Every structure is written in C-alpha cells, then in structure tokens.
Amino acid sequence: MTLATQITIFRILLIPVFIGLVIYYGDSVHAGKADESLRLWAAAVFGIAALSDAVDGWIARNFNQRTRLGSILDPLADKLLLLSAIITLSFTSWRQHFPLWFPLLIIFKDLACIGAAFLIDHVAGHCRIQPHWTGKATTFTQIIAILWVLLDLTFIPLIWPVALAGLFTFWSGMVYLVDGTRQIKAAGH
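Residues numbered from 1 in each chain as written. Predicted model: local features only at pLDDT ≥ 70, side-chain atom pairs only at ≥ 80, totals over all residues. Heavy atoms only, no water.

Judged by nonpolar contacts, the single largest core of 31 residues is most densely connected at F18, F46, L89, W94, F98, I146 and L150. Those elements that provide at least two residues to this core are α1 (3-30), α2 (36-62), α3 (68-91), α4 (101-124), α5 (133-150) and α6 (159-186). Residue contacts for F98: discarding those within four places in its chain leaves I86, L89, S90, A145, I146, V149, L158 and V162. (Core = buried A, V, L, I, M, F, W, Y, C linked by side-chain atoms within 4.5 Å. Buried < 20%, exposed > 50% of the residue type's maximum accessible area, 1.4 Å probe, protein only. Helix = DSSP H or I, 4+ residues; strand = E, 2+ residues; numbered from the N terminus. Contact = heavy atoms within 4.5 Å.)

What follows is the structure, given as structure tokens:
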C-alpha cells in the first residue's frame, strides 16, 4: 500500500470525526451554549482532510504511486467528505446552514452522474470519464462554501458562495451529461 493511498484512507477515517464534531457543535448551539471549540475543531478536521487530497495527489503523481486502489478510493473519499459536510451542515443547528436546494442539487448531480456512467458502460461497453475544469471548480467552490459555514463568516451573506458552488455543480453536471451523450452516440446507439 502506497503512502498516497494511506493518506486517502486517513482522509476517509477523518469523515466520521468531522461529522461527530459538526453534530455536537450543532447540539451545543441548539442548547443555547455554543461550544466554539467544537466548531473550530470541525473546521480544522475538514481543512486537514481537504488538504490531504492535494497531498496524496501530489505524492501519487511525483513519486509514481498511482494505483488502481488509489484511483478508486481518492474520488470516493472526496465525494464522501464533501457530501457529509454539506448534508450535516444543512440539517444541524448551526448559526448558518445551507438552504435545502443546495444538498439536493449536489446529491441529484452525483446520483445522475453515477447512473449515467453505469448506463454508458452498459450501452457503449465502456464509460470514459474525462475530468473537466468545471469539476475542479465545483469541488473548490463547494469547499469554500463549507468553510464559510464552518468558520462562521458573515461579512458576505452565505448565499453568494453557495450560489457560486451551485452554479458550478450544475454546470459540471451539464458538461458530463453532454460528454456521456457523445459517448453513447459514438457507440452507435
């Protein structure tokens, strides 16, 4: 097992720690005794997990540590981290939280992409997923929106980073939909 894969597994193991901190902080806010140390720990754990994504990718590329397991676990870890953060920050009692449309958009897009990949694989015989810059922008803007809530930033209303992340989520979904349609047409179906 490579160092890059070990870092990815570490990121996956941080997810339940992060969820617990988010829930306990939300409970403390709901009780009227916000424990700010829980909020800061949640932000720190999320930050470490998000940075570990860059670190494991850099190690895998620069030290020839790309593996089949890593290629499966890395995007899975990213999705699990972002989805768990967005869902828990939407439905817990934080001072700021995401509007309902935001997690629904992200969940729908991710499920549609997974379903489309299976459909393309079945119809065309192989699904080729080409990363696109809008996918990277989606991840980046979702991380910014999550950090906005975790750090309780209020100098700009939360709706702006959420709207930007929602726009990129929708846009990347459309890009992948168009690419999937091309793959099915290229297969002669």
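Having seen the model, we can carry on.
What follows is about unusual backbone geometry. The phi dihedral of N64 is positive, around 50°, even though this residue is not glycine. Tracing the sequence through the fold places N64 in the loop between α2 and α3. N64 sits in the exposed class, given a relative accessible area of 71%. Despite not being glycine, D152 has its phi angle at roughly 55°, a positive value. Positionally, D152 belongs in the loop between α5 and α6.

Judged by side-chain polarity, W101, F155, I156, I159 and W160 come together as a nonpolar surface patch covering roughly 580 Å² of accessible area. Following the sequence through the fold, W101 ends up in helix α4. Judged by its relative accessible area of 39%, W101 is partly exposed. (Patch = residues over 30% accessible without salt bridge, like charges linked within 9 Å, V, L, I, M, F, W, Y side chains within 5 Å. Areas by Shrake-Rupley, 256 points an atom, 1.4 Å probe, with all protein chains shown as cover. Salt bridge = Lys/Arg side-chain N within 4 Å of Asp/Glu carboxyl O.)

On average, residues of the chain carry a pLDDT of 93, and 99% of them reach 70 or more. Within the chain, the element-level pLDDT minimum falls on α4, averaging 91, and the maximum on α1, averaging 97. (pLDDT = per-residue confidence, 0-100.)

Attention now moves to the environment of F46. Along the chain, F46 falls in helix α2. F46 gets classed as buried once you look at its relative accessible area, which sits at 0%. The sequence separation of F46 and R11 amounts to 35 residues, and the corresponding C-alpha distance is 9.2 Å. Setting aside anything within four residues of it in sequence, one finds F46 in contact with F18, L81, L82, A85, I143, I146, L147 and L150.

Relative to the helices and strands, R39 is located in helix α2. Classification of R39 as buried rests on a relative accessible area of 11%. Side chain to side chain, R39 and E36 meet in a polar contact 2.5 Å long. Those residues in contact with R39 that sit more than four places away from it in its chain are Y25, W94, R95, L150, L151 and D152. (Polar contact = N/O pair within 3.5 Å; in protein donor to acceptor, adjacent residues only side chain to side chain.)

Below, the discussion takes up the packing of α1 against α2. Their axes nearest at 9 Å, the elements α1 and α2 cross at an angle of 165°. The angle between the axes of α1 and α2 places the two elements in the roughly antiparallel class. Handedness of the crossing formed by α1 with α2: left-handed. Grouping the constituent residues of the contact of α1 with α2 by class yields 21 nonpolar, two polar and five charged. (Axes fitted to C-alpha atoms, helices over the stretch in contact; angles between N-to-C directions. Parallel < 35°, antiparallel > 145°, perpendicular 65-115°, else oblique. Left-handed = near helix turned anticlockwise from the far one by under 90°. Nonpolar A, V, L, I, M, F, W, Y, C, P; charged D, E, K, R; others polar.)

A word on the packing of aromatic side chains. Taken as a whole, this structure holds nine aromatic pairs when the rule is applied. With a centroid separation of 5.6 Å and 45° between ring planes, the pair formed by F18 and F46 is classed as tilted. Linking F18 in helix α1 with F46 in helix α2, this pair joins segments that are 28 residues apart in sequence. Between W101 and F102, the aromatic rings sit 5.8 Å apart at their centres with planes inclined by 80°, giving edge-to-face as the arrangement. Looking at F102, the relative accessible area reads 0%, which means it is buried. Here a set of aromatic residues connected by ring pairs shows up, and it is made of F98, W101 and F102. (Phe/Tyr/Trp six-rings, centres within 6.5 Å; stacked < 30°, edge-to-face > 60°.)

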